Amino acid sequence: MRLAKIEETFFRGLMMAATAVILATLVLILGAVLVKGLPAMNLAMVTQAPKGGFYLGKEGGILNAILGSLYVTGGATIISFIIALPIVLYLNAYAKKGSRLVTATRFSFDVLWGVPSIVYGAFGFAVMLFFGLRASLLGGIIAVALLMLPIMARAMDEVVRMVPRELLDASYSVGATRLETARKVLARQALPGIMTAVLIAFGRGIGDAASVMFTAGFTDSIPYSLMRPAATLPLAIFFQLGTPVAEVQERAYASALVLTVMILVTSIVARLIGRRFARHIVA
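So, how was this worked out
Residues numbered from 1 in each chain as written. Predicted model: local features only at pLDDT ≥ 70, side-chain atom pairs only at ≥ 80, totals over all residues. Heavy atoms only, no water. Domains from an automatic or database assignment. Contact = heavy atoms within 4.5 Å. Buried area = accessible area lost by both parts, 1.4 Å probe. Salt bridge = Lys/Arg side-chain N within 4 Å of Asp/Glu carboxyl O. Polar contact = N/O pair within 3.5 Å; in protein donor to acceptor, adjacent residues only side chain to side chain. Helix = DSSP H or I, 4+ residues; strand = E, 2+ residues; numbered from the N terminus. Buried < 20%, exposed > 50% of the residue type's maximum accessible area, 1.4 Å probe, protein only. Lys, Arg positive; Asp, Glu negative; His and termini not counted.

## So, the domain arrangement of the chain
If you check the domain split of the chain, you get domain 1 (2–40) and domain 2 (45–278). Of note, the centres of domain 1 and domain 2, computed from C-alpha atoms alone, are 28 Å apart. Tallying the contact residues gives seven residues for domain 1 and eight residues for domain 2. Here domain 1 packs against domain 2, burying approximately 630 Å² in sum over the two surfaces, 79% of which is carbon and sulfur. Counting the surface domain 1 buries against domain 2, the share from its top three residues, Val33, Lys36 and Ala40, is 66%. Applying the counting rule to domain 1 against domain 2 returns zero salt bridges. The interface formed by domain 1 and domain 2 holds zero residue pairs in polar contact (both at pLDDT 80 or more) in total.

Okay, structure coming up:
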């Protein structure tokens, strides 16, 4: 009995220590971004595109990178969602449980989740070369969609698998088809979790630089066509930190602050929407 109590106390302390390390890391990162980014933050940073000499400390902002990130990641999120949700619903409502197809599909998603983002960028770049395309907004969307797809699909799958099977059996017993069950039971019950999966994938996509470096390119102008290059915030931060001008390096932290706020706002909105639809969930 005494040994069990010591063991419980040890692991409780270990969990508390791990939690403290995670929270401290988060606070340090956010603190560093705030302390170094706030002094360089101003209205021009988020309302203007870079002007001549911006990377030498002159006037301008990062509006091109903000809009470019939203365009690239927003388009990639839509494409990934359209592909991922039907796959997940098929695996859980149509495919035979424990079949080789289900196992192989989930294993493929696990492998693709672990593939470095630079590999997706290289693959997207090779495809673009094959079709004779240049770095463009479309190329960035495709590359980021490939990066986000396994993350979104695997996270959705884990959430949908948590829906009680009794609900599916009850749906079938009243004459509902598999499509109606997948759409009105599985998807509805897992809606908050599905939104969380979309958020996880969105956060990974908007913060990635390797997949868009050779596919989306970079430009100081605001993208107005799918076939034109598009700037993104991660690359803007990278280029600003790479300059020897101290003022521009401070702007890099301001750009990082903008990126952090965008992800934070997305998280809050997703949680609010998830809570609104949580009343449809059977506990």
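## Overview of the side chain of Thr105
Relative to the elements of secondary structure, Thr105 occurs in helix α4 (residues 100–114). For Thr105, a relative accessible area of 18% puts it in the buried group.

## Points about the side chain of Asp208
Locating Asp208 in the fold gives a position in the loop between α9 (191–206) and α10 (210–213). Buried Asp208, no salt bridge; nearest opposite-charge side chain is Arg204, N-O distance 4.5 Å. There is a polar contact of 3.5 Å between the side chain of Asp208 and the backbone nitrogen of Ala210. Those residues within four positions of Asp208 in sequence are excluded, and the remaining contacts are Ser117, Leu147 and Pro234.

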